[in-house]
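# Working through the structure, step by step
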Amino acid sequence: MKRAIYSILVIFASACMVLATVAPILADTSEVAPGRQMAKQATKGKKLWITADHFKMEALQQEFKSGPEVTAACLSCHTEASLQFHKTIHWTFLDPYSDKDVKIGKAGLSLNNFCINMQSNEPRCTSCHAGYGYKDKNFDFTSETNVDCLVCHEQTGTYKKFPAGAGHPAKKPKVFKGNKKTYHPPDYNKVAQSVGRPTRKNCGTCHFYGGGGDGVKHGDLDSSLMKPNKQLDVHMGTDGQDFQCTRCHTTKLHDIAGRIYTNPAIDHRKSLIEDDLTPKIMCESCHTAAPHKAEGKMNDHTDKVACQSCHIPYFARVNPTKMWWDWSKAGKKKNGKPYAVKGPLGKASYHTKKGEFKWGKNVAPEYYWFNGSINGLTAKDTIDPAEVVKVTWPAGNADDGKSRIFPFKVHRGKQPYDKVNKTLLIPHLFGKKETGAYWGNFDWKLALEKGAEYAGLKYSGEFDFVETKAVFPTTHMVAPKDNVVQCTQCHTRDNGRLANLTGFYMPGRDVSKAINFLGWLAVVGALGGVSLHALGRIIGIKKFGKK
């Protein structure tokens, strides 16, 4: 009898163990993780009320001949719009949070390793400025009618600025030498009457083409996001949520939320339930800090690993992005004329005007600790040409309590520097030959002299080229849940994605004698416990058997 009771208890215990093991598997798989449920609630009812039809506005019925005339009409109702916009970085091209004497921003002394700096190159660079007539540093930043309302608000898709028109559209049909395309004057009445809330196309007109072409600068921003499917981006996919940029880049008084140089996009990570006045919507705003199912291990990562690190496995998944730009090889000609060579991805691998390029597609990001701010060099900062110069780099570290591991596109190249003063140089690139522009005469010495003179910088007259790199946070092209970074891609000894991040212990990647000792001690202890248990059962069975 005792033996039978003992057997029943053993079977019951075994059944409990099996049930505990398979219960999660047998559980209702339709259960939605808390973060997903919250995200659905936050995105419910996407349609916006429209309370005004601009087609019916009397102020927009007149015949317009220029952009500033349209802006004047807009201001007859939206009286404060230009004054609000004047305070934003989209207008000033300067970081409002930095010391004004340092001049951080596109219109200041900040640098990149694409076209390097805007100063003396304004007519070309400011084709992406939301204003009219920004052709040099004498631009009137106080003018209200110089604000370009249409580039952000028109919805016909026909309004285009001329690429070298200092922000103006073409006044008559005109061919741009750079791409051989003909640009036509817009139908100002038609585009003015179409205005509405900005769409991906409005934002993408500039942001998808940063650096001089489609996908050049940002690996996660290019024309493929105009009408993406959810395989490319689960939020913006037209067959999914169909988010517009303004869904996350919230706006107050024309100031669009986002990373602004030294100022983090956001200082805290909270859900919209915790703080519905947050200036910018982050991943946690909709998905919370525990977006995965409670029994999942992934929730343990969110305090140190950014959502993007797992959910954006590759960038440039449709169109290629530029990964290398070598200015030192610019200026070569064939038969006395500039030429270009097309590379394997259909993009130029060489161009006389700009040098040598390398492009990438389906590129795995590089990972760094990131607290939301980007540090960057200015044209006054001293460099060490014996090393690869960091033009921009992420702020943060593993111990500051604010940083998380974040994915970046890292763009590398070579650009000119002053051999005596040890500073990066600003070349005068765009302009006519007589102005000393590099694209006019391919004379580096003259172009660098003119660039320094225009920007008010010291220049020794001696130059060379130095290798540089710059980082771009990867936050778009969020992949579906079945296409994320796998655990073993990071937790591995051999060439894992996080191989460059040191100073902390990562299971599967790192070796620790102390942890290994404790681990093996636990294994030996477990084996000892199992052995004693088995021995006890054997003794018990024999004892019962004798009876």
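Predicted, not measured: the structure shown is a model, and the values here were computed from it. (Residues numbered from 1 in each chain as written. Predicted model: local features only at pLDDT ≥ 70, side-chain atom pairs only at ≥ 80, totals over all residues. Heavy atoms only, no water.)

Glancing now at the overall build of the protein. Within the protein, the regular secondary structure consists of 14 helices and 15 strands. Long-range pairs, those at least 24 residues apart, make up 67% of the contacts in the protein with a sequence separation of at least 6. For the protein, the accessible surface area stands at approximately 30500 Å², while carbon and sulfur atoms represent 57% of it. (Helix = DSSP H or I, 4+ residues; strand = E, 2+ residues; numbered from the N terminus. Contact = heavy atoms within 4.5 Å. Areas by Shrake-Rupley, 256 points an atom, 1.4 Å probe, with all protein chains shown as cover.)

This next bit is on a positive patch on the surface. Taken together, the side chains of K160, K181, K201 and K227 define a basic patch exposed on the protein surface. As for its position among the elements, K181 is in the loop between β1 (174–175) and β2 (182–183). (Patch = residues over 30% accessible without salt bridge, like charges linked within 9 Å, V, L, I, M, F, W, Y side chains within 5 Å. Salt bridge = Lys/Arg side-chain N within 4 Å of Asp/Glu carboxyl O. Lys, Arg positive; Asp, Glu negative; His and termini not counted. Charge placed at Lys NZ, Arg CZ, Asp CG, Glu CD.)

Below, the discussion takes up the pattern of salt bridges. For the structure on display, the rule yields eight salt bridges. Measuring nitrogen to oxygen at the nearest pair gives 3.2 Å for the salt bridge that ties D242 to R200. Here D242 is found in the loop between α9 (200–207) and β3 (251–252), whereas its partner R200 is found in helix α9, with 42 residues between them in sequence. Residue R200 is classed as buried on the basis of its relative accessible area of 4%. (Buried < 20%, exposed > 50% of the residue type's maximum accessible area, 1.4 Å probe, protein only.)

Ranked by size, the top nonpolar core spans 34 residues in total, and within it W327, L424 and Y438 carry the most contacts. When contributions to this core are tallied by element, the ones reaching two or more residues are β8 (355–360), α12 (438–441), α13 (444–455) and β15 (463–473). No other element matches the five residues that α13 contributes to this core. Apart from the residues lying within four places of it in its own chain, the contact partners of W327 are F114, C115, I116, K353, K354, K414, Q415, L429, W439, W444 and F465. Formed by 22 residues, the second largest nonpolar core is a distinct cluster that contains A73, C74, F85 and Y188. (Core = buried A, V, L, I, M, F, W, Y, C linked by side-chain atoms within 4.5 Å.)

Quick look at the packing of aromatic side chains now. This structure, assessed with the given rule, holds 23 aromatic pairs. On the numbers, 5.6 Å between centres and 80° between planes, the contact of W369 with F504 is edge-to-face. On the criterion of sequence distance, the pair formed by W369 in strand β9 (residues 366–370) and F504 in the loop between β15 and α14 (513–546) is long-range, its members being 135 residues apart. Classification of W369 by relative accessible area gives buried; the value is 10%. In this structure F504 comes out as partly exposed when scored by relative accessible area, which is 25%. Taken together, F114, W325, W327, F357, Y438, F442, W444, F463, F465 and F472 form an aromatic cluster joined through their ring pairs. (Phe/Tyr/Trp six-rings, centres within 6.5 Å; stacked < 30°, edge-to-face > 60°.)

This part takes up helix α3 (residues 67–75). Counting buried positions along α3 gives seven out of nine residues, so the element sits mostly inside the fold. Within α3, the full set of buried residues consists of G67, P68, V70, T71, A73, C74 and L75. In the core, the buried residues of α3 are packed alongside α4 (81–85), α7 (150–153) and α8 (188–193).

Turning our eyes to something else, we now look at the environment of K161. Checked against the element boundaries, K161 lands in the loop between α7 and β1. Exposure remark for K161: the relative accessible area of 10% places this residue in the buried category. Sequence separation of K161 and P186 is 25 residues, and the distance between their C-alpha atoms is 9.0 Å. There is a polar contact of 3.1 Å between the side chain of K161 and the backbone oxygen of H129. One polar contact links K161 to D148, side chain to side chain, over a distance of 2.8 Å. (Polar contact = N/O pair within 3.5 Å; in protein donor to acceptor, adjacent residues only side chain to side chain.)

Tracing the backbone through its elements, the reader meets H411 in strand β13 (residues 404–418). Here N113 takes part through its side chain, which lies 2.9 Å from a polar atom of the side chain of H411. If we ignore the near neighbours within four places in the chain, the residues touching H411 are N113, F114, K322, M323, W324, W325, T468, K469, A470 and F472.

The next thing to look at is the side chain of N121. Relative to the assigned elements, N121 resides in the loop between α5 (89–92) and α6 (122–125). At 3.0 Å, the side chain of N121 forms a polar contact with the backbone nitrogen of F430. Residues contacting N121, with those up to four places away along its chain left out, are P427, H428, L429 and F430.

In the sheet, strand β6 (residues 340–342) pairs with strand β7 (residues 348–351) via three bridges, with the strands oriented antiparallel. Its bridge partner being in β7, K342 is matched across the sheet by A348. Linking two consecutive strands that pair antiparallel, namely β6 and β7, is a turn of five residues; a positive phi of about 85° is found at G346 within it. Here β7 pairs with β8 via two bridges, running antiparallel. (Pairing = 2+ DSSP bridges.)

Take the confidence of the model for the protein next. Residue-level pLDDT values for the protein average 87, and 86% of them are 70 or greater. Taken as a whole, residues 1–30 scores under 50 in pLDDT and shows six contacts with residues more than four places along the chain or in a different chain. (pLDDT = per-residue confidence, 0-100.)

The next thing to look at is the pairing of β9. Remark: a regular strand shows side chains that alternate across the two faces of the sheet. Buried residues dominate β9, accounting for four of its five residues. Two elements, β9 and β13, share five bridges in a ladder whose sense is antiparallel. Bridge assignment links Y367 to a residue of β13, and that residue is P407.

A contiguous nonpolar surface patch, about 340 Å² in accessible area, is contributed by F517, L518 and L521. With respect to the helices, strands and loops of the structure, L518 is situated in helix α14.

Structurally, M298 is set in the loop between α10 (283–287) and α11 (307–311). Given a relative accessible area of 42%, M298 falls into the partly exposed group. Residues M298 and C310, spaced 12 residues apart in sequence, show a C-alpha to C-alpha distance of 10.0 Å.

A few words on the state of the cysteines. The tally for this structure, following the rule as stated, stands at zero disulfides. Looking at C115, it has no disulfide partner, and the nearest cysteine sulfur is the one in C125, 6.1 Å off. The thiol sulfur of C248 is not disulfide-bonded, and the nearest other cysteine sulfur, from C286, lies at 6.8 Å. (Disulfide = S-S within 2.5 Å.)

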